[in-house]
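What the coordinates show
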Amino acid sequence: MSNHTPTPGAAASPPTPVAASDRAGRIETHGVDVIPDAERHGRPRELFWVWMSANVVYLYFVLGGVLVLLGLSIWEALAITVVGNLWWAAVGWLAVSGPASGTPSVTVMRAMFGIRGNRVFGGGLGVAIGLFYEIINIAVATLAANALLGLIGIDVSGGLGWVVLVVVAGLSFVLSVYGHATITKLSPFFSAALAVAFIVLAVFVFQAADFSYQPAPLPEGDHWAMVLLGYAIVASGPLSWGTGADYARYLPADTPKRAVAWWTALGGFIPAVLIGSLGVVAATAIDMTDPQLTIGEIVPGWFTPIFLAIVVLGSITNNVLVAYSTGLYAQGLGIRVSRAATVVITGVLATLAAGWFVYLAPSFLDTLNAALELSVTVLGPLVAIYAVDILLRRNRYDGVALSDERRGGPFWYRGGVFWPGVITMVVGTTLSVLMANTTLYVGPIAAALGGADLSAVAGPFLAGALYAVLWLTTSPYRDRMLRPAAPMRDHIEAADAAASDPATTEVPA
């Protein structure tokens, strides 16, 4: 239970002074540790700008075009863009665990997987997912920057291209190193600049759009397979953001949950739907296989460099949040270095990999699509477990207890593993893979259903249901989770006493 649970019916606390550890322009010192009450500050509406700045991005424009390239009609693609992005509601729900615990998502996940289990299924998967999206953002921004330099007559072949990549990566990671307060401070400005540019782009796109566009007809079985594949690609966007608590954890503990969930979800949903829909409409007028080149067919010459500039800036702003959370996930692996250092370390790895994708991989777009299709098989079950755990525990997370990593601590469970979460993650991911139908792989369940990919539809719901059943039927764990706050504090005091006694290795439950 949280030690910060407010009195029922109490109004939200007035904002507290911003602590020196979380001021814009200073490197944030907190990482996976709990944020003390005295350092909580801010209002939930700030989350809207944080999430909007990270999601006014070119990637959604590309994904909208991909739906049409799959052979879907414009109206089907628009519907999928809306429905697939409804998963932002789940991202908002996950964010409510931030103010409750005062910790980032990777720390909250210790409740779902145990201290040791979380280093694999929380920290480990989080780093892998974060690196994947960092690589995408660096690659997209570098390609756009190269095109922009080409317009002004600068040849980026050879070593200069790698310099561009390093500069783009450096701009991505510098704000992530500074951390939460700097990101929150600058987000409204990034959001406004990007939004204005996309509004201007929308004017040109709609002038050139062909709303009577009809794709070549697909066989009935293939048609529905493409519909489900498109849904999986779109859903991979919000499902990749299982990090809502990272940006909400500085809010006061009594911040209304509804406000946290609402502003977080809207900040991602609105730009994802609008920009994705713009990509769908643009696909009726240009070849969306490489829109950075073909966009010049429907916009005036003076706007082409502006378009490329917003691609670069949007990819960088998205990477700011991705890199920030990836650094926290790396700390969740048990790495005893600062959050700023883990941002730099993971950033270097992502930059090297992005260089391969940009300059050595045969087809960046094909690789991107295949990776997005398969990522849902992991992301769906992970988000489902997190969302159901918040519901089962009624969002009562004790940040101090979650920060206790000692053997026998409150979330040590058995051998450092919470088996309901680990079993659900393994089973849920396996079932999702078997249900997947991607350009690289077709699972046996998908094949038996005529190619229908249910990984993004059934996968998360099956995982959520299984976790709830295991959690509710494993009484020793359930009873421990629902104890009052005082016994939890007693348990921590017992752990402290046991740690001072060399003969004691386990703390009684």
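These numbers were taken from a predicted model, which means no experiment stands behind them. (Residues numbered from 1 in each chain as written. Predicted model: local features only at pLDDT ≥ 70, side-chain atom pairs only at ≥ 80, totals over all residues. Heavy atoms only, no water.)

1. Examining the confidence of the model for the protein chain
Caution is warranted with low-pLDDT regions, since their predicted coordinates should not be read in detail. Defined as follows: For every residue, the predictor assigns a confidence score, pLDDT, that lies between 0 and 100. Note on contacts: a residue pair qualifies if any of its non-hydrogen atoms lie within 4.5 Å across the two residues.
Averaged over every residue, the pLDDT of the protein chain is 84; residues scoring 70 or more account for 86%. Below pLDDT 50 for its whole length, residues 1-18 participates in 33 contacts with residues either more than four positions away or in separate chains. Scored below 50 in pLDDT, residues 484-509 shows 37 contacts in the model against residues more than four places distant or in partner chains.

2. So, the packing of aromatic side chains
Two numbers describe a pair of aromatic rings. These are the distance of the centres and the angle of the planes. What counts here: Note on aromatic pairs: the rings of Phe, Tyr and Trp (six-membered ring only in Trp) are paired at centre separations within 6.5 Å, and the planes decide the class, stacked below 30 degrees, edge-to-face beyond 60, tilted for the rest.
Considering all chains together, one arrives at 19 aromatic pairs under this definition. Every member of this aromatic cluster is reached through a ring pair, and the members are Trp51, Trp88, Trp241, Tyr247 and Tyr324.

3. As for the pattern of salt bridges
Heads up, the rule is: Any carboxyl oxygen of Asp or Glu that lies within 4 Å of a side-chain nitrogen of Lys or Arg is treated as forming a salt bridge with it. Going along the chain from the N terminus, every DSSP run of H or I of four or more residues is numbered as a helix, and every run of E of two or more is numbered as a strand. Buried residues are those whose accessible area, probed at 1.4 Å on protein chains only, stays under 20% of the maximum for their type, while exposed residues exceed 50% and partly exposed ones sit between those limits.
Applying the stated criterion across every chain, the model contains 7 salt bridges. Taking the shortest distance from any N to any O, the salt bridge between Glu405 and Arg119 comes out at 2.8 Å. Linking Glu405 in the loop between α18 (399-402) and α19 (419-435) with Arg119 in helix α8 (residues 115-151), this pair joins segments that are 286 residues apart in sequence. Residue classification places Glu405 among the partly exposed positions, given a relative accessible area of 23%. Assessed through its relative accessible area of 28%, Arg119 is described here as partly exposed. Taking the shortest distance from any N to any O, the salt bridge between Asp404 and Arg406 comes out at 2.9 Å.

4. Quick look at the side chain of Ser176
What counts here: Here a polar contact is recorded for every N or O atom pair within 3.5 Å, except that within protein the pair must consist of a potential hydrogen donor and a potential acceptor, and residues adjacent in sequence are included only if both atoms are side-chain atoms.
Relative to the elements of secondary structure, Ser176 occurs in helix α9 (residues 159-178). There is a polar contact of 3.5 Å between the side chain of Ser176 and the backbone oxygen of Ser172. Apart from residues lying up to four places away in sequence, Ser176 is in contact with Asn319, Val320, Ala323, Tyr324, Arg339 and Val343.

5. Section: a nonpolar patch on the surface
The cut-off we apply is this: Surface patches are drawn from residues lacking salt bridges whose relative accessible area is over 30%; two like charges belong together within 9 Å, two nonpolar side chains (Val, Leu, Ile, Met, Phe, Trp, Tyr) within 5 Å. Here, Shrake-Rupley sampling with a 1.4 Å probe gives the accessible areas, and only protein chains in the shown set may cover a residue.
Judged by side-chain polarity, Leu151, Ile152, Ile154, Leu160, Val163, Val167 and Leu171 come together as a nonpolar surface patch covering roughly 610 Å² of accessible area. In terms of residues, the nonpolar patch owes the most to one element, α9, which gives 4 residues. The residue Ile152 is located in the loop between α8 and α9 in this model.

6. Some thoughts on the packing of α9 against helix α16 (residues 339-359)
Test applied: Angles shown run from 0 to 180 degrees and are taken between the N-to-C directions of axes, each axis being a line fitted to C-alpha atoms and, for helices, limited to the stretch in contact. Roughly parallel means an angle under 35 degrees; roughly antiparallel means over 145; roughly perpendicular covers 65 to 115; every other angle is labelled oblique. Helix crossings are classified by the rotation of the near helix relative to the far one: an anticlockwise turn of less than a right angle makes the crossing left-handed, while a clockwise turn makes it right-handed. All amino acids are sorted into three groups, where Ala, Val, Leu, Ile, Met, Phe, Trp, Tyr, Cys and Pro are nonpolar, Asp, Glu, Lys and Arg are charged, and the leftover types, Gly among them, are polar.
It is at 10 Å that the axes of α9 and α16 come closest, and there the two elements cross at 155°. By the angle between their axes, α9 is roughly antiparallel relative to α16. Judged by the sense of rotation from one axis to the other, the crossing of α9 with α16 is right-handed. Listed contacts from α16 to Gly161, Trp162, Leu165, Ala169, Phe173, Ser176, Val177 and Tyr178 of α9 are Arg339, Ala340, Val343, Val344, Gly347, Thr351, Ala354, Gly355, Trp356, Val358 and Tyr359. Classifying every residue of the contact of α9 with α16 gives 13 nonpolar, 5 polar and 1 charged.

7. Concerning the packing of helix α10 (residues 180-208) against helix α13 (residues 257-282)
Packing of α10 against α13 leaves a shortest axis separation of 10 Å and a crossing angle of 25°. If you check the angle between α10 and α13, you find them roughly parallel. Between α10 and α13 the crossing geometry is left-handed. In this structure, α10 contributes Phe198, Leu201, Ala202, Val205 and Phe206 to the contact, and α13 contributes Ile275, Leu278, Val281 and Ala282. Here the residues of the contact of α10 with α13 are counted per class, giving 9 nonpolar, no polar and no charged.

8. Let's talk about the nonpolar core
Just so we agree on the cut-off: We define a nonpolar core as any set of buried Ala, Val, Leu, Ile, Met, Phe, Trp, Tyr and Cys residues linked to one another through side-chain atoms lying within 4.5 Å.
Counting 139 residues, the largest nonpolar core has Phe61, Met112, Phe113, Leu201, Phe307 and Leu321 as the members making the most contacts within it. Not counting the four nearest positions on each side in its chain, Phe307 is found in contact with Tyr58, Phe61, Leu201, Pro291, Gln292 and Ile295.

9. Comments concerning the side chain of Arg339
Structurally, the position occupied by Arg339 is in helix α16. Within the local environment of Arg339, its side chain forms a polar contact with the backbone oxygen of Glu28, the two atoms lying 3.4 Å apart. Ignoring any residue separated from it by four or fewer positions in sequence, one finds Arg339 in contact with Ile27, Glu28, His30, Gly31, Ser176, Val177, Tyr178, Gly179, Tyr324, Leu328 and Gln331.

10. Considerations on the environment of Ala77
Looking at the element boundaries, Ala77 is found in helix α3 (residues 74-84). Accessibility expressed as a relative area gives 0% for Ala77, which makes it buried. Remark: the alpha-carbon pair of Ala77 and Ser277, spanning 200 residues in sequence, is separated by 7.9 Å.

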